[in-house]
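Breakdown of the fold
The chain contents come next:
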Amino acid sequence: MSQRTITRRVRGIDTNDGAGVKLKRIIGQPNLDMLDPFLLLDEFRSDQAGDYIAGFPEHPHRGFETVTYMLAGHMRHGDNHGNQGDLGPGSVQWMTAGRGILHSEMPQQENGLMWGLQLWVNLPAADKMNAPRYQDIGPDRIPRVQPSPGVEARVIAGRLGEAIGPVQGVATAPLYLDIALGAGARFELDLPPEHHAFAYVFEGESADVAGEPVSRGELAVLSEGDLLTLAAGTGAARLLVVAGRPLNESVARYGPFVMNTPAQIQEAIADFRAGRF
Ligand code: FE2
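Residues numbered from 1 in each chain as written. Predicted model: local features only at pLDDT ≥ 70, side-chain atom pairs only at ≥ 80, totals over all residues. Heavy atoms only, no water.

Some words on the sheet that holds strand E20 (residues 206-209)
Taken together, four strands build an open sheet; the order of strands is E18-E23-E20-E21 and the sheet is antiparallel. Of all the strands in the sheet, just strand E18 (186-190) and strand E21 (212-215) have a single pairing partner and so form its edges. Direction aside, neighbouring strands of the sheet carry axes that sit 30 degrees apart on average. Where E18 and strand E23 (residues 227-232) come together, five bridges link them in antiparallel fashion. Residue pairing for E23: Phe187 is matched across the bridge by Leu230. (Pairing = 2+ DSSP bridges. Helix = DSSP H or I, 4+ residues; strand = E, 2+ residues; numbered from the N terminus. Axes fitted to C-alpha atoms, helices over the stretch in contact; angles between N-to-C directions.)

Now the structure itself:
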């Protein structure tokens, strides 16, 4: 058995996206361009309506998956194929954009806290032009387990002990866990040894990841290895632990299009302009 260690630490940078939503970009910025197969990680968190109210009006995606995990507030999702839904607190939408969709993600509240995370997961070349697919999952379908005293984990994708996350059939075999550590709690997590993985602390002062403190808003990139030790820091904390199979393919990226070659990006732009999404 080999322990994973922290190889790199990154803090999100302040930016805005959509029609002016303020957010922290943690993956997909100059300090961490990507962590194959993960292309982007954003956290949006504000109780000031002006920071989020403009939302993300209609925009395209092709070639990858967007994973939205709502922690507080409501976002209404709709696309040009007639799919729509309300993403409320604790719900997850795993959207496989495949060959293309046009969608909007708009706040369904005019005040109060809006808090969530969006992760982009790349698709292998063979799946980039598949039909779009949605997995909309309410909080009641996400198993909550206590793998160790004082630890509660929500298993969104992948497996933790006997608990299997509701997200299924994703090419990169992801593990997506939301782990709450009570004060004094400690926990050893098995991970597929060669999958790329990170931990991101989003609540509490800090958590110990692989024996080192990681503060709120900090992402720890992990080495290879089959065990990860997590422990509470100075108090309770909550963190994401995400792992996935690296694709090791070339990446050509232009905004909301992520393909393998520049020619495929040109094709995506042409298809989008011609209304073929
Ligand atoms: Fe989007």
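After that view of the structure, there is still more to cover.
Points about the pairing of E21
Put simply, side chains in a regular strand alternate between the two faces of the sheet. Bridge analysis of E20 against E21 gives four bridges, and the strand direction is antiparallel. What sits directly across from Asp208, in E21, is Pro213. What sits between the antiparallel neighbours E20 and E21 is a turn of two residues, in which Ala210 has the positive phi angle 50 degrees.

Examining the coordination of the iron ion
Protein coordination at the iron ion: the donors are His59 (NE2), His61 (NE2), His103 (NE2) and Glu105 (OE), at 2.1 to 2.5 Å from the metal. Between the four donor atoms coordinating the iron ion, the angles at the centre fall across 81 to 177 degrees, so the site counts as irregular. Of note, the donors binding the iron ion are all from one chain and are spaced H-x1-H-x41-H-x1-E. With a gap of 42 residues between them, His61 in strand E5 (residues 56-61) and His103 in strand E10 (residues 101-107) connect regions that are remote in the sequence. The same class applies to His61 as to His103, namely buried. (Donors = N, O, S within 2.8 Å, 3.2 Å for Na, K, Ca; no water. Tetrahedral: all angles 85-135°; square planar, octahedral: opposite > 155°, others 65-115°. Buried < 20%, exposed > 50% of the residue type's maximum accessible area, 1.4 Å probe, protein only.)

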